[in-house]
Amino acid sequence: LKRAARLAPAPCRWNSGLPMNIGVLFVPQQEAWVVERMGKFHRILEPGLNFLIPLLDRIRYVQSLKEIVINVPEQSAVTLDNVTLQIDGVLYLRVMDPYKASYGVEDPEYAVTQLAQTTMRSELGKLSLDRVFRERESLNASIVDAINQASDCWGIRCLRYEIKDIHVPPRVKESMQMQVEAERRKRATVLESEGTRESAINVAEGQKQAQILASEAEKAEQINKAAGEANAMLVKARAKAEAIQLLAAALSQQHGNAAASLSVAEQYVNAFSKIAKDSNTVLLPANTGDVTNMVAQALGIYTTLTKPQAVKNQDEMPSAHEGSHSPATEVLKAEQGSSS
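Labelled according to an unreviewed UniProt entry, the protein chain appears under the name Stomatin-like protein 2, mitochondrial, originating from Pycnonotus jocosus.

Structural notes on unusual backbone geometry
Despite not being glycine, methionine 38 shows a phi value in the positive range, around 55°. Relative to the helices and strands, methionine 38 resides in the loop between β2 (31-37) and β3 (40-45). Accessibility expressed as a relative area gives 66% for methionine 38, which makes it exposed. The phi torsion at leucine 55 lies on the positive side, around 70°, for a residue other than glycine. Topologically, leucine 55 is positioned in the loop between β4 (48-51) and β5 (57-64). Of the residues examined, leucine 55 reaches a relative accessible area of 88% and is grouped as exposed.

Focus: the packing of aromatic side chains
Evaluated as defined, the whole model comprises 4 aromatic pairs. Ring centres 6.0 Å apart and planes at 80° place the aromatic pair phenylalanine 41 and tyrosine 103 in the edge-to-face group. Placement of phenylalanine 41 in strand β3 and of tyrosine 103 in helix α2 (residues 98-103) is noted, with a sequence separation of 62 residues between them. Here tyrosine 103 falls in the partly exposed class, since its relative accessible area comes to 33%. Relative to tyrosine 103, the ring of tyrosine 61 has its centre 5.4 Å away and its plane inclined at 85°; by these criteria the two rings are edge-to-face. One end of the pair, tyrosine 61, is in strand β5; the other, tyrosine 103, is in helix α2, with 42 residues separating them in the sequence.

Side note on a nonpolar patch on the surface
A surface patch of nonpolar side chains, amounting to about 430 Å² of accessible area, comprises Val24, Phe26, Leu49 and Phe51. Counting only elements with at least two residues in the nonpolar patch, the list comes to β1 (24-27) and β4. Here phenylalanine 26 lies in strand β1. Of the residues examined, phenylalanine 26 reaches a relative accessible area of 60% and is grouped as exposed.

Observations regarding the pattern of salt bridges
A full pass over the atoms with the stated rule returns 7 salt bridges. Between arginine 37 and aspartate 57 there is a salt bridge, and its shortest N-O distance comes to 2.5 Å. Taken together, the residues span a long stretch of sequence, with arginine 37 in strand β2 and aspartate 57 in strand β5 at a distance of 20 residues. Of the residues examined, arginine 37 reaches a relative accessible area of 28% and is grouped as partly exposed.

Remarks on the packing of helix α3 (residues 108-124) against helix α5 (residues 136-151)
Packing of α3 against α5 leaves a shortest axis separation of 9 Å and a crossing angle of 135°. Of the possible angle classes, the one that applies to α3 and α5 is oblique. Considering only the axes of α3 and α5, their crossing is right-handed. Between α3 and α5, the contacting residues are Val112, Leu115, Ala116, Thr119, Met120, Glu123 and Leu124 on the first element and Leu139, Ser142, Ile143, Ala146, Ile147 and Ala150 on the second. Grouping the amino acids of the contact of α3 with α5 by side-chain chemistry returns 10 nonpolar, 2 polar and 1 charged.

With respect to the sheet that holds strand β8 (residues 156-167)
Within the open sheet, the 3 strands sit side by side as β6-β7-β8. Their pairing is antiparallel. Single-partner strands in this sheet number two, and they are β6 (68-78) and β8. Here the strands of the sheet are splayed against their neighbours by 25° on average, with no regard to which way each runs. Relative to β6, α3 is tilted by about 35°, and along the sheet it contacts β6, β7 (84-95) and β8.

Looking at the pairing of β2
Side-chain direction in a regular strand flips from residue to residue, so the side chains alternate between the two faces of the sheet. Within β2, 5 of the 7 residues are buried, which leaves the element mostly enclosed by the surrounding structure. By the bridge criterion, 7 bridges tie β2 to β5 in an arrangement that is antiparallel. Counterpart to valine 35 in the pairing with β5 is isoleucine 59. Inspection of the sheet shows β2 paired to β3 by 5 bridges, in the antiparallel sense. Within the sheet, the bridge partner assigned to valine 34 lies in β3 and is isoleucine 44. The antiparallel hairpin formed by β2 and β3 contains 2 residues in its connecting segment, where methionine 38 sits at a positive phi of about 55°.

Quick word on α3
The terminal C-alpha atoms of α3, which comprises 17 residues, lie 24 Å apart, in line with the 24 Å expected from a rise of 1.5 Å per residue. If you check which residues of α3 are buried, you get Pro108, Ala111, Val112, Thr113, Leu115, Ala116, Gln117, Thr119, Met120, Glu123 and Leu124. As for α3, its buried residues are in contact with β6, β7, α2, α4 (129-134), α5 and β8.

Observations concerning the sheet that holds β2
A sheet is described by the order of its strands in space; here 3 strands give the open sequence β3-β2-β5, paired in antiparallel fashion. In this open sheet, the two edge strands, each paired with only one partner strand, are β3 and β5. Averaged over all adjacent pairs, the angle separating strand axes in this sheet is 25°, with direction ignored.

What counts and how
- Residues numbered from 1 in each chain as written.
- Predicted model: local features only at pLDDT ≥ 70, side-chain atom pairs only at ≥ 80, totals over all residues.
- Heavy atoms only, no water.
- Helix = DSSP H or I, 4+ residues; strand = E, 2+ residues; numbered from the N terminus.
- Buried < 20%, exposed > 50% of the residue type's maximum accessible area, 1.4 Å probe, protein only.
- Phe/Tyr/Trp six-rings, centres within 6.5 Å; stacked < 30°, edge-to-face > 60°.
- Patch = residues over 30% accessible without salt bridge, like charges linked within 9 Å, V, L, I, M, F, W, Y side chains within 5 Å.
- Areas by Shrake-Rupley, 256 points an atom, 1.4 Å probe, with all protein chains shown as cover.
- Salt bridge = Lys/Arg side-chain N within 4 Å of Asp/Glu carboxyl O.
- Axes fitted to C-alpha atoms, helices over the stretch in contact; angles between N-to-C directions.
- Parallel < 35°, antiparallel > 145°, perpendicular 65-115°, else oblique.
- Left-handed = near helix turned anticlockwise from the far one by under 90°.
- Contact = heavy atoms within 4.5 Å.
- Nonpolar A, V, L, I, M, F, W, Y, C, P; charged D, E, K, R; others polar.
- Pairing = 2+ DSSP bridges.
- Expected span 1.5 Å × (residues − 1).

Okay, structure coming up:
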């Protein structure tokens, strides 16, 4: 049995069978054939045409230089917080040195698979359950680095490792779903409160701007109103000044005093007629039926007020008019004749 085991053909890795040495061989692209001469390593055949010595040379190993995909079986691992997980993955590797891959390890595929499983268990034991899902990429990178450090002497390089599925126990899965729902409700509550706060801030800001605009409008209105009143007062003052100037010019003319006496008498009579209409308290003169006496009193008041001006005007008037009657006396006689 031992002799049969020794004479059994060597395992062909990632190939269905070993080619036979017929002297002339054609090596396919992306393959490396390891040749032994009389049981000792001789050389590695390159792709293309190659010549060997029959019976002396033997093709011992055929290595594929393509990228190889290996399914890592599902395995159980315990996290840092004592949660058991079922994880499977996919391993991508390539033969970099056919000599080391042939003579460095008996079964490179099995060795790399076992190394990937043990590295996965050790890396998962350093992480909690929440970090396993968040740091999936960093976990894959850590496994790749660990495999490359160990497989360097095998002539194999691990390109990447990907976790396919992570199976969580049902109770842990239910608790995770409850946690996710609670987190979502929390975010919804926070977002709602932030929306309410933003709405209140916007309303307050709008009221503030409205008050500012209203105060500015009221200020502008008061300024415009004051400017209008000031302009109106100036216009009235100018009109009154012009009226006084015209009145003074009219009084300085001939018979101006008589016209002024007539106007004063008319205003006196009109004011007396409105006494009972504007107020409940009425002050009446002693002789209310004597209109002539009332007009005479009004003219006397006016004459008293205008006497200094009249004296001055008489001094300035020519002596030819000294014998004529005063206009006020003539107006008084005319009024007495009309009343009688």
